[in-house]
Amino acid sequence: MRRGTAEALLHRGGYSETWVIENSPGARALVESVYIAYGGGRLLLLPNGAVIKPSPWSNEGECRLVGSWSGRFTLVSPSGLRLCTSDPKIMVKPVGTPRRLIRSGDDWPGPSSQGLRCRIDPSGALFARTWHASRWGRTEVDFPIAPGDVMRALSYRLAGGHTSGGSVRLLEGGHLVMPTHDADGGLARYVGYVSPSQLPSISVWSNH
Amino acid sequence: MVIEPPLYRGYWPSVVNRLAKYSIRYMTAENGKDPNWRVTVLYEEERGLRFLAVETESDDLVSRINNVKMQADGKSGGVFYINEYKHVIVPIRSHSGNQYHYICRWDKKFKFPYRNPNNEPVTLSTCPKTEMKPNDRWDGPRPGIPYTLASGGADIYYKTPALTETEPPMLRERMTMQVQLSRLIGSAAAARAAAPVLAVRNAQGGRFYVNEHGAMFTPVVAGDGNGIDYKFCGVIDRKDWFPEPVVPAEALSG
């Protein structure tokens, strides 16, 4: 969050685009409350409705659950393109083909840097990583957020993922993408959709 | 019956360039004779990559590693590492990825006979020559343990799976430790340890390797802009370094 808006960056071909959350009463309330409490900074929206804020005053990996969200979530590009990431069905129009539903392996049409960084294992299970400071540096713990799923594992492979698994991003609406350019939010390929009902509830999440 | 050696309590160097590992391979000596299981290293020469076999007497080491590999994988040969504490560690495949086991301490210097592109016999070593200075090109074999110079250039860290405090140690599933030198020996000492690498790289940080002689070398963009060169950064100062991990008492020493 900066300049009083919530935004996500898309790096494409050497330049970056700033996509912003579509203006709505909910988006304004989110921006205002976080801006007043924290003055801006990174914000993570999870498909289960959790709004998480990494604490800017902590260097020990502390994150705070600052609220919840529901309803439609739409990102708007600088040129006015709209992408409703809370919609389970995303339409795309790859070059030379008619408009159709997005498939595993397609380029993700929007930014992905705002998503939760996860690891997918060969069974298709998803793990997020949490960390806390320790006497030797930090301890990182992977905790499961979605069970193994043959279709998800296959989709990951179709998207070009490695047989031993790898890094993916879970976006706010439940879409799973695989970064292909750089870890900080470059281009991404579509893997699949994870229904929010498959994910742990906010209460489970906040124990980690 | 070979008893499985304990998990190593130190750093497990996963995801390493294949030139950064030793391996046991069945091959002949440099003269093309006497095929046997030997300690080898993959070496990058101008003509490409080739395995070099060690000429140093190392039958005990080969036999000990092969026994462990045979018991775990059902076949001899495979990768191993020797770190800056001269600990020999071997990755063994398990359901949760490679697990690193301590084999022994190895004090001998490996020497690799080699014919250079002019067909002249030379001996390569992983021990830095006394006349080497920081920023000199590292032309020798490159087995080593990867460390990361932290962004800012004032700290060094590595990541390794967490183990239990029990004896023998066990793997703590899904838990990783990021071990920062500054946390162990203080910020000033860590900055001193990092300075030689910072001088060759830059404050963005990045990967460098430390071999069994404590020599540090790091990949940088080659002077002509094509490819990667490895530059020597100096030798670690052991009083400003990660403490030596506890290992079991043993019988074999090189």
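Keep in mind that this is a model prediction, so the values were computed, not measured.

Facing the nine residues of chain A at the interface are eleven residues of chain B. Of all the elements, strand β12 (residues 137-146) of chain A adds the most residues to the side of chain A that touches chain B, at six residues. The residue inventory of the side of chain A that touches chain B, partitioned by class, reads three nonpolar, two polar and four charged. Where β12 of chain A and strand β11 (residues 171-180) of chain B come together, five bridges link them in antiparallel fashion. Bridge pairing links threonine 139 of chain A to methionine 177 of chain B in β11 of chain B.

Residue and element names in this part refer to chain B. In space, the six strands of this open sheet follow the order β3-β2-β1-β4-β5-β6, with antiparallel pairing throughout. For this open sheet the edge positions go to β3 (48-53) and β6 (97-105), each flanked by a neighbour on one side alone. Between one strand and the next, the sheet's axes are offset by a mean angle of 40°, whatever the strand orientation. Relative to β6, strand β5 (residues 87-94) runs antiparallel, the two being bridged by eight bridges. Bridge pairing in β6 places isoleucine 92 opposite glutamine 99.

Strands pair in a sheet through their backbones, by hydrogen bonds, and they do so in one of two ways: parallel or antiparallel. Taken in spatial order, the twelve strands of this open sheet run β15(A)-β14(A)-β13(A)-β10(A)-β11(A)-β12(A)-β11(B)-β10(B)-β9(B)-β12(B)-β13(B)-β14(B), and their pairing is antiparallel. The sheet is open, and its two edges are formed by β15 (188-193) of chain A together with β14 (228-235) of chain B, each paired on a single side. Averaged over all pairs of adjacent strands, the angle between their axes in this sheet comes to 40°, without regard to strand direction. For strand β13 (residues 215-221) of chain B and β14 of chain B, the ladder comprises seven bridges, and the chain directions are antiparallel. The residue bridging proline 219 of chain B from the neighbouring strand is tyrosine 230 of chain B, located in β14 of chain B. Across the sheet, helix α2 (residues 150-158) of chain A lies against β10 (116-120), β14 (175-179) and β15 of chain A, angled at about 165° from β15 of chain A, the strand it touches most.

Glancing now at the environment of proline 141 of chain B. All names here are of chain B. In this structure, proline 141 sits in the loop between β8 (121-125) and β9 (145-149). Looking at proline 141, the number of C-beta atoms within 10 Å reads 23, which means it is buried. Taking the C-alpha atoms as reference, proline 141 lies 9.2 Å from leucine 52; in sequence the two are 89 residues apart. Sequence-distant contacts of proline 141, that is, excluding residues within four places in its chain, are made with Val41, Tyr43, Leu52, Phe112, Leu124 and Thr126.

Residue-level pLDDT values for chain B average 90, and 95% of them are 70 or greater. The ipTM value of the predicted complex is 0.78, and its pTM value is 0.80.

Below, the discussion takes up the pairing of strand β2 (residues 36-45) of chain B. In summary, the side chains of a regular strand alternate between the two faces of the sheet. All names here are of chain B. The pairing of strand β1 (residues 22-27) with β2 spans six bridges and is classified as antiparallel. Across the sheet, residue serine 23 finds its bridge partner in β2, namely threonine 40. As defined by bridge partners, β2 adjoins β3 across six bridges and the pair is classed as antiparallel. When the bridges of β3 are listed, glutamate 45 appears paired with glycine 48. The turn joining β2 and β3, which pair antiparallel and follow one another in sequence, is formed by two residues.

Moving on, we get to unusual backbone geometry. Comment: phi is negative for the bulk of residues other than glycine, and the bulk of peptide bonds are trans. Residues and elements named next belong to chain B. Glutamate 167 connects to proline 168 through a cis peptide bond whose omega is 0°. A positive phi angle, close to 65°, is found at asparagine 119, a residue other than glycine. Residue position: asparagine 119 is located in the loop between β7 (111-115) and β8. One non-glycine residue, asparagine 135, lies in the positive phi region at around 85°. Tracing the chain through its elements places asparagine 135 in the loop between β8 and β9.

To continue, consider the environment of valine 177 of chain A. Within the element layout of this structure, valine 177 of chain A appears in strand β14. In this view, valine 177 of chain A contacts Trp108, Ser112, Gly115, Val168, Arg169, Leu171, Ala188, Arg189, Tyr190 and Val191 of chain A; residues no more than four positions away in its chain are not counted.

Reading the values: rules and limits
- Residues numbered from 1 in each chain as written.
- Chains lettered and ligands numbered in written order.
- Predicted model: local features only at pLDDT ≥ 70, side-chain atom pairs only at ≥ 80, totals over all residues.
- Contact = placed C-beta atoms within 7 Å.
- Helix = DSSP H or I, 4+ residues; strand = E, 2+ residues; numbered from the N terminus.
- Nonpolar A, V, L, I, M, F, W, Y, C, P; charged D, E, K, R; others polar.
- Pairing = 2+ DSSP bridges.
- Axes fitted to C-alpha atoms, helices over the stretch in contact; angles between N-to-C directions.
- Buried ≥ 20, exposed ≤ 12 C-beta atoms within 10 Å, placed from the backbone.
- pLDDT = per-residue confidence, 0-100.

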